[in-house]
Structures are given as structure tokens and as C-alpha cells.
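What follows is each chain in one-letter form.
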Amino acid sequence: MVNLVCIVISTGLLIAESVHASYAFYVGKDLTADGVVMVGGTGEEVSSHWLQVFPAADHAPNATITVGVTEDAVKPGRLLQIPQAHHTWRYVSMEYSDFEGFPAPLTNGGVNERGIAIRDVWADSRDDLYDMTPIPQTGLQYSDLARIVLERASTAREGVEIIGQLIGEYGEATYGGNSHLIADKDEGWVVWEFAGGQKLWAAERLRSDEVRVLYPGYIEDFPVDFKESRDYMGSDHIVDFAVERGWWDPKSGKPFNIFETYGKQGDNYTARDGGFKYMSQAQLEDVTRAMAPVTEKDLMARVRDPRISDDEAGYGQVVSIYPDLDPDLIRIWNAPTGSVAAPFLPTWLGVDAVLPEYGQHRYLTTGASSSFLNPDFELQEASAFAGRLFKRVLYYMCSAPTVFHPLVTDMLVAFENQTLADLSSSGNSDGWVEGGARVLIEKGQRAAAKKLLQFYAHTRARDALGLGRTMTNALDAYIKLTGGWKDPTGAQINDAGEGAETVNCLVGFDPDQPAWKQPPPSSSKRRLIFQGPGA
């Protein structure tokens with residue numbers, strides 16, 4: 001997905017160039033209240049999003065998997081078969097149905113039973129690399145890499161090594177460049193895979209006292225002797241290729257900078273202050289660091305910020321990675337659409353399935369408008385789709401955000417506080433849900449522990465559906481009874497594509513405060529293109 005965002009303010013013109021999709025947040029364990037690594041983010045594809053549980057599995061010695069892209073991709077390619085691992089880990093992830101023509105289903109972010117969290121984030125390569133990408137291209141695409149890391153990695157470092165090995169052996173199929181954030185209980189890594197078909201990639205380890213926000217993914221100064229460091233990894237020719245192309249001169253005295261060498265070139269592009277969307281990476285990193293010691297509630301609030309979570313956000317996600325935690329007790333929070341309008345709900349790796357209302361539906365699924373339903377999905381499709389329900393909350397709320405946004409936010413946070421009160425706030429506390437499950441596991445009653453976790457997860461998910469129906473009914477009634485209803489004036493229900501206005505509850509852009517607390521734009525602070533009506 002591509003946007004063009006332009007913000008005009010009294011102090012000048014700030015232009016954000018074309019951007020693609022997805023945020024990722026990394027908070028090192030030295031900065032969190034529980035002393036654990038935390039990861040969060042959103043997915044911004046124009047696509048259906050759904051939560052899915054993938055069980056562990058054993059595979060035959062000759063088993064293979066299909067990876068790559070087809071002729072329908074933005075850069076056409078050919079699929080290929082590569083060997084499957086003998087055993088794959090259990091994991092939970094948010095899946096989605098389309099991005100740049102890549103074959104569905106695609107994986108955006110999740111966590112596995114070894115406590116490895118991964119997120120996909122766009123990261124443009126320089127035009128020279130994009131143009132030299134062979135057609136048809138072959139290799140693993142970004143979702144293949146994320147899924148395989150979830151299936152196979154036991155540490156974040158191993159996840160990076162897996163990506164590097166697969167790209168080195170089979171190549172990478174690209175839409176223009178991508179990055180991954182991979183984290184475990186000790187550390188995080190940013191991996192940047194470059195377009196061009198040259199098997200180029202670089203990775204940087206994130207410190208325990210660091211906050212990193214990817215939008216897009218970035219790596220800056222990079223040692224030319226990176227093979228001697230445990231803090232960096234990359235393809236063998238990552239430095240030599242840049243020298244051969246004249247993109248970096250080792251005699252210049254300038255450090256070898258990955259962003260400046262391989263990233264998108266242009267006056268408006270810097271690694272941390274590119275002006276992307278409403279807040280740069282630098283602003284988001286700074287305001288997140290200022291929250292330290294960061295709790296899960298804090299990171300949920302950051303992911304929920306309306307400058308991040310708008311109509312483009314297909315879901316919200318937060319996970320804390322506790323050390324030495326029983327795999328069944330690993331918990332990930334997901335909001336079924338942008339968390340500005342939907343509650344975060346817990347899912348444990350100990351559950352066997354999610355409610356059908358949170359599974360795959362035809363809403364925003366590629367091809368839904370030109371084909372009929374597969375009968376195998378008739379009951380699944382008959383269920384109400386949580387993603388669509390909370391999208392309705394978003395659209396009602398954004399019709400008058402200064403009125404409705406604080407009310408909706410209060411209800412979502414109150415709902416989550418009820419959930420948090422039932423859970424342990426850290427890996428060792430005694431919340432009745434996780435504390436009870438832990439006791440059952442210690443007594444050898446693992447099946448009962450998993451039933452408890454699934455019962456609670458499903459109960460809260462059903463309660464959230466009730467909350468969503470209550471909010472949509474109340475907002476609909478209020479708007480109509482008070483004369484706030486407005487019929488559409490245009491002829492097209494879809495936007496005009498790149499650069500067009502989309503639904504957003506943004507009413508201000510001071511990064512130090514929630515946007516809804518900011519005053520509406522005045523004549524001296526001109527209108528933001530993506531600002532919702534009624535602001």
C-alpha cells in the first residue's frame with residue numbers, strides 16, 4: 001500500500017514521500033517495567049487481516065514448501081520449492097490476504113513457542129537496486145522469511161542467520177525492499193533486505209537500553225569489518241558491492257552508512273527524520289523512551305495513537321517476551337483492526353484456535369468482489385467479522401473525533417483494564433488466569449491449563465464483540481438523533497489511491513500529547529490532508 005502525505009503548518013511545509021506499510025516498535029528490557037523485551041506494531045495493508053494459531057508439526061524428510069512470488073506481483077516472478085524443516089514450532093500470527101500482488105496468505109507479525117517475535121516492515125531500496133531487479137524474479141519474499149523464522153528460530157540471532165542463509169542460497173523476491181524486526185528475551189535485531197536480485201542484506205543488533213521504531217526500517221552506520229562484531233551481520237559483499245557501484249568511497253573518510261548507501265535517495269529522506277506520515281521515527285522513539293519504565297499498557301497506548309492507528313492500520317499488536325516462560329503461557333495482544341477503535345485482546349500459545357469471528361472473512365479479501373464463497377467457509381463467513389465490526393466504530397468515531405474519540409478510547413482502555421486485572425502483569429505474579437494455569441501445569445494438568453487459557457481468551461473475545469456492538473449502536477443513534485448524519489457527496493465509495501484522503505481521527509500533531517487533546521487546526525495551522533471530517 002502506498003500513501004502520499006503532505007502536512008502544511010505555519011512554520012513551513014513538511015512533505016512525507018511515498019510510504020508503504022506497517023510500524024514496528026522495539027523496547028529494550030532495560031527500559032521496561034518488568035525488565036523484559038517488548039515489541040509492538042501495526043499492519044497497514046489494504047487487505048483483510050485475521051488472527052491464526054499454527055500448531056507445531058513434524059515433516060517428512062523430503063517435504064518442501066512453496067515460496068516466492070507469481071506473475072501477479074508488482075515485480076513479476078516465479079514460485080519455487082525449497083526444503084521444509086523436519087520440525088516447525090507452534091506460533092500465533094496476524095495473517096492477511098494481499099500486498100503488491102504477493103500470494104496469500106501473508107504473515108505480518110507474531111510470536112512462536114520459543115519466545116521469538118517478528119514483524120515485517122517496509123524499507124525502500126534505492127532506485128538503482130529496484131531497477132536492476134530481474135524479471136521474472138525468484139527467491140523468498142518477505143512473508144516467507146517471517147513465517148520461516150517463526151517456524152524454525154529459537155533465538156533472535158538465529159532468526160537473522162536463517163534469513164541470511166535463505167537469501168544466500170535462494171535469493172529474495174522483492175517489492176522494492178523490506179525489513180524485519182526480530183526479538184527474543186534478551187535482544188532485538190533489525191534485518192534489511194534490499195531489492196536488486198543481488199542477495200544483499202544487512203542486520204544490526206539492538207541494545208537493551210534502546211528504543212527502535214521502524215517506519216520504514218532502517219540501519220545507519222555499519223562497520224566494514226562487521227564479520228568481527230557480534231552486533232552486526234550481513235551478506236559477504238554488502239560493502240564491496242557499494243564500492244564497486246560508486247555508492248560509497250572508502251577513501252572519503254565518511255562512515256559506511258547503510259541507509260545513505262542502499263536506502264531511498266532524495267532530499268526528503270533521512271533514516272530517522274524522513275517526515276513519514278504524522279510522526280517521524282525519531283519522534284516516536286523519543287516519546288516512547290520518555291515513557292520508561294514502559295508497561296504493556298504504555299506500549300498499547302503508543303500503538304493506539306491516532307497518528308499511527310487509522311483506517312490504514314489493519315490491526316494492533318503488543319507482546320512482552322518473558323524469560324523461562326512455559327510455552328503455553330506466552331501471550332500476545334492483538335486488536336482486530338486499528339487499535340484506535342478496537343480493544344487489545346490476549347491470545348496464548350496454549351490455545352488451540354481463535355473464535356471464528358476473529359478468523360478469515362471475505363471483507364477486504366482479494367478477489368471477494370469477483371467470486372462467490374467457497375462452501376467450505378460458509379459457517380465461518382456466516383459469523384460476524386470482528387475486523388469489520390470495529391471498522392464501523394472507527395468510521396462513526398472519526399465523523400466527529402473531538403467528541404467521540406475520547407469516549408471510545410475511555411471504553412477501550414476500561415475494557416483492557418478489566419482484562420489486565422485478571423492476568424498477571426509480569427511473568428511471576430499471581431493473576432488468577434495465568435497464575436491458575438501455571439499451577440495446573442506444575443501439577444501435571446497441562447490440558448486443564450490450556451482449557452483455562454482458551455476459555456478466558458474466547459470469553460474476552462466474545463465480550464469485545466458485545467462492546468463493539470454497543471458502541472456502534474450508541475454512536476449510530478447519537479449521530480442520527482442529533483442531526484449529525486451526512487450522506488456521501490461523491491460518486492465513488494473507494495478513494496482515489498495514492499495521496500487520497502483516508503479516514504483518520506487526527507486533530508493535532510504534537511508528539512508529546514494524545515492527538516485528540518490538541519486544538520483543531522486554525523488559519524495559522526492549516527489543515528492536514530489526512531484529517532478526518534468534523535475535526
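What you see is a predicted model; the values in this text were computed from it and never measured.

K.L.:
Explain helix α3 (residues 156-170) to me, please; I cannot follow it from the model alone.
P.N.:
Side chains of residues three or four places apart in an α-helix project in the same direction, reflecting 3.6 residues per turn. For α3, spanning 15 residues, the distance from its first C-alpha to its last is 21 Å, which sits close to the expected 21 Å at 1.5 Å a residue. Along α3, the positions that sit buried rather than exposed are Ala-156, Arg-157, Gly-159, Val-160, Ile-162, Ile-163, Gly-164, Leu-166 and Ile-167. Positioned one or two residues after α3, Gly-171 has a phi angle of 85°, which is positive.

K.L.:
Whenever I open this one, the side chain of Glu-113 confuses me. Can you help?
P.N.:
Tracing the backbone shows Glu-113 in the loop between β11 (106-112) and β12 (117-122). Within the local environment of Glu-113, its side chain forms a polar contact with the backbone nitrogen of Arg-90, the two atoms lying 2.7 Å apart. Glu-113 has contacts with Ala-56, Trp-89, Arg-90, Pro-327, Ile-330 and Leu-349, leaving out every residue within four places of it along the chain.

K.L.:
Whenever I open this one, the sheet that holds β12 confuses me. Can you help?
P.N.:
On the basis of which strands lie adjacent, the open sheet formed by 8 strands has the order β5-β10-β11-β12-β13-β14-β15-β17 and antiparallel pairing. Both edges of this open sheet fall to β5 (49-54) and β17 (232-234), since each of them pairs with a single strand only. Neighbouring strand axes in the sheet, compared pairwise and without regard to direction, differ in orientation by 20° on average. With 6 bridges joining them, strand β14 (residues 188-193) and strand β15 (residues 201-206) adopt antiparallel strand pairing. Across the sheet, the residue bridging to Val-191 is Ala-203, located in β15.

K.L.:
Looking at this model, I keep getting lost on the pattern of salt bridges. Mind explaining?
P.N.:
Side chains that differ in charge, positive against negative, can pair when their charged atoms come close. Summed over the entire model, instances satisfying the criterion amount to 28 salt bridges. With its nearest N and O atoms 2.7 Å apart, the salt bridge here joins Arg-205 to Asp-231. One end of the pair, Arg-205, is in strand β15; the other, Asp-231, is in the loop between β16 (211-214) and β17, with 26 residues separating them in the sequence. With a shortest N-O distance of 2.6 Å, Arg-272 and Glu-285 are connected by a salt bridge. Pair noted here: Arg-272 is in the loop between α5 (258-262) and α6 (281-289) and Glu-285 is in helix α6, with a separation of 13 residues, a long-range link.

K.L.:
Any chance you could explain the packing of helix α10 (residues 401-422) against helix α12 (residues 446-481) here in plain terms?
P.N.:
The angle between the axes and the distance between the axes are what describe a pair of packed helices. Look at α10 against α12: their axes get within 12 Å of each other, and the N-to-C directions meet at 165°. By the angle class used here, α10 and α12 are roughly antiparallel. In this structure, the crossing between α10 and α12 has a hand that is right-handed. Where α10 approaches α12, its residues Phe-404, Val-408, Met-411, Leu-412, Phe-415, Gln-418, Thr-419 and Asp-422 are matched on the opposing element by Tyr-456, Arg-460, Asp-463, Ala-464, Leu-467, Met-471, Leu-475, Tyr-478 and Ile-479. For the contact of α10 with α12, the per-class residue count stands at 12 nonpolar, 2 polar and 3 charged.

K.L.:
Please clarify how the sheet that holds strand β20 (residues 345-348) should be interpreted in this entry.
P.N.:
Strand pairing in a sheet relies on backbone hydrogen bonds, with the paired strands running either antiparallel or parallel. Read from one edge to the other, the open sheet built from 6 strands follows the order β16-β3-β4-β18-β19-β20, with strand pairing classed as antiparallel. With one partner strand each, in any of the chains shown, β16 and β20 form the two edges of the open sheet. Shown here is a sheet whose adjacent strand axes are inclined to one another by a mean of 15°, direction ignored. The pairing of strand β3 (residues 23-27) with strand β4 (residues 37-43) spans 5 bridges and is antiparallel.

K.L.:
Would you explain the state of the cysteines in this entry?
P.N.:
Two cysteines, two sulfur atoms, one covalent bond between them: this is a disulfide. The full count for this structure, using the stated rule, is 1 disulfide. The disulfide partner of Cys-398 is Cys-505, and the S-S distance across this bridge is 2.1 Å. Between Cys-398 and Cys-505 the sulfur-sulfur dihedral comes to about -110°; the bridge is accordingly left-handed. Linking Cys-398 in helix α9 (residues 386-398) with Cys-505 in the segment after α12, this pair joins segments that are 107 residues apart in sequence. For the pair Cys-398 and Cys-505, one class covers both residues: buried.

Criteria and cut-off values
Residues numbered from 1 in each chain as written. Predicted model: local features only at pLDDT ≥ 70, side-chain atom pairs only at ≥ 80, totals over all residues. Heavy atoms only, no water. Helix = DSSP H or I, 4+ residues; strand = E, 2+ residues; numbered from the N terminus. Expected span 1.5 Å × (residues − 1). Buried < 20%, exposed > 50% of the residue type's maximum accessible area, 1.4 Å probe, protein only. Polar contact = N/O pair within 3.5 Å; in protein donor to acceptor, adjacent residues only side chain to side chain. Contact = heavy atoms within 4.5 Å. Pairing = 2+ DSSP bridges. Axes fitted to C-alpha atoms, helices over the stretch in contact; angles between N-to-C directions. Salt bridge = Lys/Arg side-chain N within 4 Å of Asp/Glu carboxyl O. Parallel < 35°, antiparallel > 145°, perpendicular 65-115°, else oblique. Left-handed = near helix turned anticlockwise from the far one by under 90°. Nonpolar A, V, L, I, M, F, W, Y, C, P; charged D, E, K, R; others polar. Disulfide = S-S within 2.5 Å.

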